[in-house]
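Structural overview
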Amino acid sequence: AQTVTQSQPEMSVQEAETVTLSCTYDTSESNYYLFWYKQPPSRQMILVIRQEAYKQQNATENRFSVNFQKAAKSFSLKISDSQLGDTAMYFCAFMNANAGNMLTFGGGTRLMVKP
Amino acid sequence: GAVVSQHPSRVICKSGTSVKIECRSLDFQATTMFWYRQFPKQSLMLMATSNEGSKATYEQGVEKDKFLINHASLTLSTLTVTSAHPEDSSFYICSAKRLAPPDTQYFGPGTRLTVL
């Protein structure tokens, strides 16, 4: 079974600054995917970024990038130039590509962007 | 693309009644849909995996007779909470997996169920 751990229950950052959210996971699988989802106050889950485990290059999506350290089983999310609209819960998630595509979520990090 | 809708967004019902929640993939076909439950300030808990044309697979501890799931087409899955009780009050979220890009789940906006 996989586990996903987000060690930071809450974080805050000033607008326009950079913040990094941590995520570690535990698995014996070799073929998997990692995701960061954002859940704003509306509670709509929004895909932020996706990383295939077989890719060494870190995924980036505009202001969002990840630091994927496969050996350390670490998958942190960096948000650059933070905006007020980035205020949300952020969930790290693991998907075993060989087991029904189910997602295992971390406990979440509540991010507050301050003006 | 990759829009998933849920209906209703909010429902209040009396204890003992049944409630049906619909999940639709609007612009793609979803062979697999997932149903989650989320308690306040907590993460998402997978309840069941729904595959089109076959029986749903329930996670341990989830009563399949209480949470009936039907996936009748490639764009529609329904969750029926039967004989609802106040402890079933929660936020229910569905997701759908599209074929391209592979292995990515897209989420509906959720349904808040309140059982009086």
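The coordinates are above.
Conventions adopted
Residues numbered from 1 in each chain as written. Chains lettered and ligands numbered in written order. Predicted model: local features only at pLDDT ≥ 70, side-chain atom pairs only at ≥ 80, totals over all residues. Heavy atoms only, no water. Phe/Tyr/Trp six-rings, centres within 6.5 Å; stacked < 30°, edge-to-face > 60°. Buried < 20%, exposed > 50% of the residue type's maximum accessible area, 1.4 Å probe, protein only. Contact = heavy atoms within 4.5 Å. Buried area = accessible area lost by both parts, 1.4 Å probe. Salt bridge = Lys/Arg side-chain N within 4 Å of Asp/Glu carboxyl O. Helix = DSSP H or I, 4+ residues; strand = E, 2+ residues; numbered from the N terminus. Pairing = 2+ DSSP bridges. Axes fitted to C-alpha atoms, helices over the stretch in contact; angles between N-to-C directions. Polar contact = N/O pair within 3.5 Å; in protein donor to acceptor, adjacent residues only side chain to side chain. Core = buried A, V, L, I, M, F, W, Y, C linked by side-chain atoms within 4.5 Å. Disulfide = S-S within 2.5 Å.

Next up on the list: the packing of aromatic side chains. Tallied over the entire structure, the rule returns 14 aromatic pairs over all chains. When the ring of Tyr25 of chain A is compared with that of Tyr32 of chain A, the centres are 5.4 Å apart and the planes differ by 65°; the resulting orientation is edge-to-face. On the accessibility criterion, Tyr32 of chain A (2% relative accessible area) is buried. When the centroid spacing of 6.3 Å and the interplanar angle of 45° are considered together, the rings of Phe67 of chain B and Tyr92 of chain B count as tilted.

Tallying the contact residues gives 23 residues for chain B and 19 residues for chain A. Together, the buried faces of chain B and chain A total about 1700 Å²; carbon and sulfur atoms form 52% of this surface. When the buried surface of chain B facing chain A is broken down by residue, Ser43, Asp103 and Phe107 of chain B rank first, second and third, together holding 30% of it. Run the count over chain B and chain A and you get 0 salt bridges. For the side of chain B that touches chain A, the secondary-structure elements that each account for two or more residues are strand S4 (32-38), strand S5 (44-51), strand S9 (90-98) and strand S10 (104-107) of chain B.

On to the pattern of salt bridges, then. All names here are of chain A. Taken as a whole, this structure holds 6 salt bridges over all chains when the rule is applied. Here Arg50 and Glu52 are joined by a salt bridge, their closest N and O atoms 2.6 Å apart. Neither residue differs from the other here; Arg50 and Glu52 are each classed as buried. Note that Glu52 and Lys55 form a salt bridge whose closest N and O atoms lie 3.8 Å from each other.

Before going further, it helps to spend a moment on the sheet that holds strand S1 (residues 4-7) of chain B. Residues and elements named next belong to chain B. Ordered by their spatial adjacency, 4 strands build an open sheet running S1-S3-S8-S7, and the pairing between neighbours is antiparallel. The sheet is open, and its two edges are formed by S1 and strand S7 (67-73), each paired on a single side. Here the strands of the sheet are splayed against their neighbours by 15° on average, with no regard to which way each runs. Pairing analysis gives 6 bridges linking strand S3 (residues 19-25) to strand S8 (residues 76-81), with the strands arranged antiparallel. Residue pairing for S8: Glu22 is matched across the bridge by Thr78.

All names here are of chain B. Note on placement: Lys66 falls in the loop between strand S6 (57-58) and S7. Overall, Lys66 belongs to the buried group, its relative accessible area being 12%. Reaching out from Lys66, the side chain makes a polar contact with the side chain of Asp88 at a distance of 2.9 Å. Among residues more than four places away in sequence, those in contact with Lys66 are Thr80, Val81, Thr82, Ser83, Ala84, His85 and Asp88.

What follows is about the nonpolar core. In terms of nonpolar packing, the biggest core is built from 26 residues, with Val4, Trp35, Phe67, Leu79, Tyr92 and Leu113 of chain B touching the most fellow members. Looking at this core, the elements that each hand over two or more residues are strand S2 (10-13), S3, S4, S5, S7, S8, S9 and strand S11 (111-115) of chain B. Excluding residues within four positions of it along the chain, Leu79 of chain B makes contact with Val19, Lys20, Ile21, Trp35, Phe67, Leu68, Ile69 and Tyr92 of chain B. Ranked by size, the runner-up nonpolar core spans 25 residues in total, among them Tyr25, Tyr32, Ile49 and Phe68 of chain A.

Before going further, it helps to spend a moment on the environment of Leu77 of chain A. All names here are of chain A. Note on placement: Leu77 falls in strand S9 (residues 74-79). Leu77 sits in the buried class, given a relative accessible area of 0%. Considered as a pair, Leu77 and Glu52 are 25 residues apart in the sequence and their alpha carbons are 15 Å apart. With residues up to four places along the chain from it excluded, the contact list for Leu77 reads Val19, Thr20, Leu21, Trp36, Val48, Ile49, Phe64, Ser65, Val66 and Tyr90.

Scanning all chains against the criterion turns up 2 disulfides over all chains. Between Cys23 of chain A and Cys92 of chain A runs a disulfide, and the two sulfur atoms are separated by 2.0 Å. Here the S-S torsion is close to -70°, and the disulfide linking Cys23 of chain A with Cys92 of chain A is therefore left-handed. Taken together, the residues Cys23 of chain A in the loop between strand S3 (19-21) and strand S4 (24-26) and Cys92 of chain A in strand S10 (residues 88-96) connect sequence positions 69 residues apart. Like Cys23 of chain A, the residue Cys92 of chain A is buried in the burial classification. The disulfide that involves Cys23 of chain B links it to Cys94 of chain B, with 2.0 Å between the sulfurs. Residues Cys23 of chain B and Cys94 of chain B share a disulfide whose torsion about the S-S bond is about 80°; that sign makes it right-handed. One end of the pair, Cys23 of chain B, is in strand S3; the other, Cys94 of chain B, is in strand S9, with 71 residues separating them in the sequence. On the basis of relative accessible area, Cys23 of chain B is assigned to the buried category, the value being 0%.

Interpretation note: all reported values are geometric properties and have no functional meaning in isolation.
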